[in-house]
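# A closer look at the structure
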Amino acid sequence: MKKIIKTSLIYSGVILIMTSCFNQQRDFGSDRYSENIGYDFSKPEYGGLTKLTEVVEQQVPNGMVSIEGGMFVMGQVQQNVMGGINNKPKNVHVQSFYIDDSEVSNKEYLIYLDWLAKVFPKNNPKYKHIYTAALPDTTVWRNPLGNDGNLPKTYLRHRAYEDYPVVGVSWLQANDYCKWRTDRIAEKRLVDEGILKPLYNNGNVTVEGRNHFDIEVFEANPNLLFGGDKSIYTDYIANESNDEEYSANDSITINTNSNSPKNNNLNIKRQSPNPDIRLPTEIEWEYAAKADMENRFENTIRGRKKYAWRGESTRDEQSKYYTQHANFKQSNGDYSGIAGWSSDTGDITTPVRSFPPNAYGLYDMAGNVAEWVFDVYRPTIESNLNDFNYSRGNIYRKPRLDENGNVVVASFNDIVYDTLPNGKVVPSVLPGQILKEEVTDNDMYLNPNYQKSDNRNFADGDRSSSRDYAQNDENRKRMYNAPILLPPTINEETGEIEYKYDDKTRTTLITNYSRVYKGGSWKDREYWLDPSQRRYLEEYMSTNYIGFRCAVSKVGDSHEKEKRSIFSAYY
């Protein structure tokens with residue numbers, strides 16, 4: 001027996017030594033080692049490719065909750081009071097994602113506004129429209145037959161309302177906030193990783209105008225940030241490195257007049273693309289709001305939920321005072337119950353996270369404020385055309401390139417101000433961002449996935465979906481005969497802005513600018529608390545009952561492995 005054990009130990013030792021030598025020779029620790037070819041491409045003798053950053057599991061963003069994707073039944077569970085049949089139940093699949101646990105508050109949005117005022121000073125004529133374009137419309141609280149309660153003055157900026165959801169924000173403004181949040185999160189990450197210096201107390205640069213951090217510019221070419229000023233990077237990143245890791249690889253270089261190109265190397269490993277913060281799609285929002293997983297038994301969903309919580313009542317039956325699950329209008333003239341016995345604690349909006357969360361840990365998915373989602377509105381969701389991660393409204397763009405093939409970063413001279421149909425002036429791009437253009441027919445030639453850059457009316461309003469598809473554009477009728485609102489013009493004689501309304505007979509308000517908003521609000525009756533109900537409003541409009549929350553796609557493994565056991569009956 002001892003002889004057998006001794007022999008086994010000897011064989012085990014030999015195998016471990018051989019395995020160690022073999023692994024050392026193959027250099028499994030290198031992220032540029034090709035198992036298909038057999039050597040490390042990051043070594044100078046094999047090409048010196050830039051090494052990659054370490055593999056780091058995607059962290060749950062601050063203020064967000066992880067939502068594991070899957071199949072669910074999308075569509076209404078209540079009778080449609082208008083007698084429509086457009087929102088029929090349908091099986092769809094959604095990928096995993098992260099979403100804010102509550103709506104964006106006044107406090108968070110004011111930080112965004114103050115940052116814009118600091119980087120694009122309002123007193124500088126070059127930037128005068130940038131700050132004002134982001135301001136919420138505080139006049140949404142006005143009512144011809146009502147006292148506004150001083151809310152146009154106090155709701156956004158008074159400290160008493162700082163934890164209340166921001167309103168008066170259009171779909172376009174919500175998207176701009178998502179872009180800003182993406183940049184600030186990426187900026188913080190690169191500072192924490194020792195790549196960027198803190199920019200705002202860096203004595204060598206001033207964060208203003210074009211000189212601010214933009215993650216898309218960084219990913220395209222780190223040398224384009226701040227006009228190529230290397231002082232924004234830490235010394236290890238900016239200085240010439242004699243380490244073998246960087247001495248002969250393809251590290252990014254900056255074009256200068258220096259005689260030594262080595263001095264222009266930035267010692268930055270190849271970064272993984274940064275996921276973009278964005279508005280949730282309609283399917284993501286409804287999936288997260290319903291939280292059907294709390295009705296799961298093994299691999300089936302038992303029953304369908306009418307609200308974001310379990311049960312058939314809007315009242316919390318386990319509460320001592322039988323209070324409401326959400327903030328909504330309970331009947332004509334009843335917004336919060338009687339004095340001394342308030343059933344939802346708010347006659348207008350309430351602070352975010354005032355009510356218990358749903359099974360995913362998400363607050364206010366019903367009531368308080370309705371929320372913008374990404375999708376362009378159409379009466380029906382074409383799940384027969386796509387039942388995986390459905391979303392309508394994609395417009396595909398690409399970076400504009402100069403004659404040398406480098407992306408073009410916008411300066412003040414590149415800003416084009418657009419006038420929206422409601423007269424609001426907004427910048428098409430901010431200084432320091434990449435100029436973009438729609439993909440061309442040449443880019444899409446023989447592409448099996450899509451054939452045009454603007455897909456907002458794909459298969460529902462475009463030429464191929466029209467019964468007059470064979471007619472030329474002049475004779476072909478629009479599927480959605482909505483009013484045509486032209487941008488306002490300036491009277492050359494008086495200098496005043498003039499608006500012109502469409503005076504022709506129209507049959508619908510649905511356009512390519514109509515965006516979906518979901519969920520009930522403090523102003524809505526119980527019917528709209530159903531997560532499947534859907535409404536729409538033009539993307540440049542705003543109200544006192546629509547807010548928003550942000551989402552981001554999950555990268556890598558979309559399912560949690562520890563939950564894949566067939567013996568696990570519940571989450």
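Coordinates for the structure precede this section.
My aim in this report is to walk through the structure given alongside it, one point at a time. None of these values were measured; they are calculated from a predicted model.

Rules used in this analysis
Residues numbered from 1 in each chain as written. Predicted model: local features only at pLDDT ≥ 70, side-chain atom pairs only at ≥ 80, totals over all residues. Heavy atoms only, no water. Phe/Tyr/Trp six-rings, centres within 6.5 Å; stacked < 30°, edge-to-face > 60°. Buried < 20%, exposed > 50% of the residue type's maximum accessible area, 1.4 Å probe, protein only. Lys NZ or Arg CZ within 6 Å of the ring centre and 35° of its normal. Pairing = 2+ DSSP bridges. Helix = DSSP H or I, 4+ residues; strand = E, 2+ residues; numbered from the N terminus. Axes fitted to C-alpha atoms, helices over the stretch in contact; angles between N-to-C directions. Patch = residues over 30% accessible without salt bridge, like charges linked within 9 Å, V, L, I, M, F, W, Y side chains within 5 Å. Areas by Shrake-Rupley, 256 points an atom, 1.4 Å probe, with all protein chains shown as cover. Salt bridge = Lys/Arg side-chain N within 4 Å of Asp/Glu carboxyl O. Contact = heavy atoms within 4.5 Å. Polar contact = N/O pair within 3.5 Å; in protein donor to acceptor, adjacent residues only side chain to side chain.

Okay, the packing of aromatic side chains next. Taken as a whole and assessed by the stated rule, the structure comprises 28 aromatic pairs. A ring pair is formed by W115 and F120, whose centres lie 6.4 Å apart and whose planes are at 75°; its orientation type is edge-to-face. Take W115 and F120: they sit in the same class, and that class is buried. Lying across the ring of Y131, K122 places its NZ or CZ 4.5 Å from the centre. Above the plane of the ring of W528 lies R535, whose end atom (NZ or CZ) is 4.2 Å from the centre.

Across the sheet, which stays open at both edges, the 3 strands sit in the order β1-β4-β19 with antiparallel pairing between neighbours. Two strands close off the open sheet at either side, each with one partner strand: β1 (64-67) and β19 (551-553). Going across the sheet, the axis of each strand differs from the next one's by a mean of 20°, ignoring polarity. In this sheet, strand β4 (residues 97-100) lies alongside β1 in antiparallel orientation, the contact comprising 4 bridges.

This paragraph deals with helix α9 (residues 282-290). Since the α-helix packs 3.6 residues into each turn, any two residues three or four apart lie on the same face. The element α9 is extensively covered by neighbouring structure, given that 9 of its 9 residues are classed as buried. All of the buried residues in α9 are E282, I283, E284, W285, E286, Y287, A288, A289 and K290. The first or second residue beyond α9 is A291, which carries a positive phi of 50°.

What follows concerns a nonpolar patch on the surface. A contiguous nonpolar patch, built from I490, I497, Y499 and Y501 and spanning about 520 Å² of accessible area, is present on the exposed surface. Note that Y499 resides in the loop between β15 (497-498) and β16 (514-518). A relative accessible area of 45% means that Y499 is categorised as partly exposed.

A separate point is the environment of D235. By the secondary structure assignment, D235 is in helix α7 (residues 235-238). Through-space distance from the C-alpha of D235 to that of G194 is 9.3 Å; in sequence the pair is 41 residues apart.

Inspection of the secondary structure puts P431 in the loop between β12 (425-427) and β13 (436-438). Judged by relative accessible area, P431 falls into the buried class, the value being 1%. When the C-alpha positions of P431 and E208 are compared, they lie 9.4 Å apart, and in sequence the two are 223 residues distant. Aside from chain neighbours lying at most four places away, what touches P431 is F120, Y127, I130, G209, R210, H212, A410, S411, F412 and I415.

Right, let's get into the side chain of Q58. Relative to the assigned elements, Q58 resides in the loop between α1 (2-26) and β1. Residue classification places Q58 among the buried positions, given a relative accessible area of 19%. Among the polar contacts listed, one links the side chain of Q58 to the backbone oxygen of S553, at a separation of 3.3 Å. Among the polar contacts made by the side chain of Q58, one reaches the main-chain amide nitrogen of V555 at a distance of 2.7 Å.

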